[in-house]
Amino acid sequence: MRNKVILLWAFFQIPWLGTGEWVFDIGIEMLKHLVVPDVIPVPPHEMCLVYYPKNNITPDVYIFNKDLTQDPPIVQWDADPKSYYTLILTNPDVPNRTYAVLKEYHLWLVGNIPGNKIEWGEVLTEYKNTDWAQDRSFRRNIFLIYKQQGKISFKHWIKRTVKVGLRSGFNTYDFARQYKLGDPLFGNFYFHRW
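Sequence positions are assigned chain by chain, starting from 1 and proceeding in written order. Only residues with pLDDT of at least 70 get local features here, since the model is predicted, and only at 80 or more are side-chain atom pairs given and counted; chain-wide, interface and lining totals rely on the full set of residues. The basis for every side-chain value is the complete set of non-hydrogen atoms in the structure, without hydrogens or water.

Colleague: Where do I start with unusual backbone geometry in this structure?
Modeller: With the exception of glycine, most residues fall at negative phi, and the peptide bonds are largely trans. Residue Pro37 is reached from Val36 by a cis peptide bond, and omega for that bond is 20°. Examined against the element boundaries, Pro37 turns out to sit in helix α2 (residues 35–38). Even without glycine at this site, Leu34 takes up a positive phi of about 60°. Leu34 gets classed as partly exposed once you look at its relative accessible area, which sits at 41%. One non-glycine residue, Asn112, lies in positive phi territory at about 50°. Under the scheme used here, helices are H or I runs from DSSP no shorter than 4 residues and strands are E runs no shorter than 2 residues, and both carry numbers assigned from the N terminus. Mapped onto the fold, Asn112 is located in strand β9 (residues 105–114). For every residue, the accessible area (1.4 Å probe, protein chains only) is compared with the maximum for its type, and the residue is labelled buried under 20%, exposed over 50%, or partly exposed between those bounds.

Below you can see the structure in the form of structure tokens.
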């Protein structure tokens, strides 16, 4: 099912299959909303599923209440249980999409995830809900999953973040290149404003 994920729920304007299911082409959605080239040069092949307690996330979801995304979501993808993955959640639109001088602001970073068991991965940056509220523009929160070539030592990253403690100025492409992650295999995103 390359480039397509079928969801049994949805209520927004997305191509209808006539079977009670909705179809998303994550690559097209990421191109349409400029995730490519703003964050990554190549879109992922498949969509990861993202579940917040009160929201399921798909590319055309708009969230207006930050309480709905307060806690870390459940993220699922078609993982090889014998492989390791890295999950990145980033917001490239800080403080807003027009004037994104702090981009990227990474919200969650987990490496060495065995299969899709995030809770067993190495948390490089704790989950943080977006809290920017300078204006009323929509911002993108982007989930990306990379398949690692093997287990990675993130000692340099951990020392940097503990010392500096900053989330802004992150660059997904540079991080992926530094740790030889290649292009993301899975992705998803949503818009938020509060």
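What follows continues from the structure just given.
Colleague: Would you explain the pattern of salt bridges in this entry?
Modeller: Oppositely charged side chains may form a pair once their charged atoms are brought near each other. By definition, a salt bridge exists where a carboxyl oxygen of Asp or Glu is found within 4 Å of a side-chain nitrogen of Lys or Arg. Taken as a whole, this structure holds 4 salt bridges when the rule is applied. With a shortest N-O distance of 3.0 Å, Arg140 and Asp38 are connected by a salt bridge. Separated by 102 residues along the polypeptide, Arg140 in strand β11 (residues 139–147) and Asp38 in helix α2 bring together distant segments of the chain. Overall, Arg140 belongs to the buried group, its relative accessible area being 1%.

Colleague: I keep staring at the sheet that holds strand β7 (residues 74–76) and nothing clicks. Help me out?
Modeller: Paired through their backbone hydrogen bonds, the strands of a sheet run either parallel or antiparallel. In spatial order, the strands read β5-β4-β7; together these 3 strands make up an open sheet with antiparallel pairing. This sheet does not close on itself; its edge strands, each paired only once, are β5 (55–57) and β7. In this sheet, adjacent strand axes meet at a mean angle of 15° when their direction is disregarded. When strand β4 (residues 49–52) meets β7, the two strands line up antiparallel, connected through 3 bridges. Paired with Val50 across the two strands is Val75, which belongs to β7. Strand pairing is defined by DSSP finding a minimum of two bridges between the two strands. Where helices are involved, their axes are fitted lines through C-alpha atoms of the stretch in contact, as for all axes, and angles between N-to-C directions lie from 0 to 180°.

Colleague: What exactly am I supposed to notice about the pairing of strand β8 (residues 84–91) here?
Modeller: Regular strands place side chains that alternate from one sheet face to the opposite one. Counted residue by residue, β8 has 7 buried out of 8 residues, so it is predominantly covered. Bridging between β8 and β9 involves 7 bridges; their strand directions are antiparallel. Counterpart to Tyr85 in the pairing with β9 is Ile113. Pairing geometry for β8 and β11, over 6 bridges, is antiparallel. Counterpart to Leu89 in the pairing with β11 is Phe143.

Colleague: Would you mind showing me how to read the pairing of β4 here?
Modeller: Burial of the side chains of β4 is restricted to one face: Val50 and Tyr52 are buried, whereas none of Leu49 and Tyr51 on the reverse face is. Bridge analysis of β4 against β5 gives 3 bridges, and the strand direction is antiparallel. Following the sheet pairing, Tyr52 is matched in β5 by Asn55. Between the end of β4 and the start of β5, which pair antiparallel, lie 2 residues.

Colleague: Please clarify how the side chain of His106 should be interpreted in this entry.
Modeller: Here His106 shows up in strand β9. Judged by its relative accessible area of 1%, His106 is buried. Side-chain atoms alone can form a polar contact between residues adjacent in sequence; in general such a contact is a pair of N or O atoms within 3.5 Å, and within protein one must be able to donate a hydrogen while the other accepts it. A polar atom in the side chain of His106 sits 2.9 Å from the side chain of Thr125. At 3.1 Å, the side chain of His106 and the backbone oxygen of Arg167 are in polar contact. We call two residues in contact when some of their heavy atoms are within 4.5 Å. Those residues in contact with His106 that sit more than four places away from it in its chain are Leu89, Thr90, Thr125, Trp157, Leu166, Arg167 and Phe170.

Colleague: Could you clarify how one ought to interpret the packing of aromatic side chains in this entry?
Modeller: When we look at a pair of aromatic rings, we describe it by the centre distance and by the angle of the planes. Any Phe, Tyr or Trp ring, taking Trp's six-membered ring, that has another such ring centre within 6.5 Å forms a pair; planes under 30 degrees apart are called stacked, those over 60 apart edge-to-face, and the others tilted. The full count for this structure, using the stated rule, is 11 aromatic pairs. A ring pair is formed by Tyr52 and Tyr190, whose centres lie 6.1 Å apart and whose planes are at 85°; its orientation type is edge-to-face. Linking Tyr52 in strand β4 with Tyr190 in strand β12 (residues 186–192), this pair joins segments that are 138 residues apart in sequence. Take Tyr52 and Tyr190: they sit in the same class, and that class is buried.

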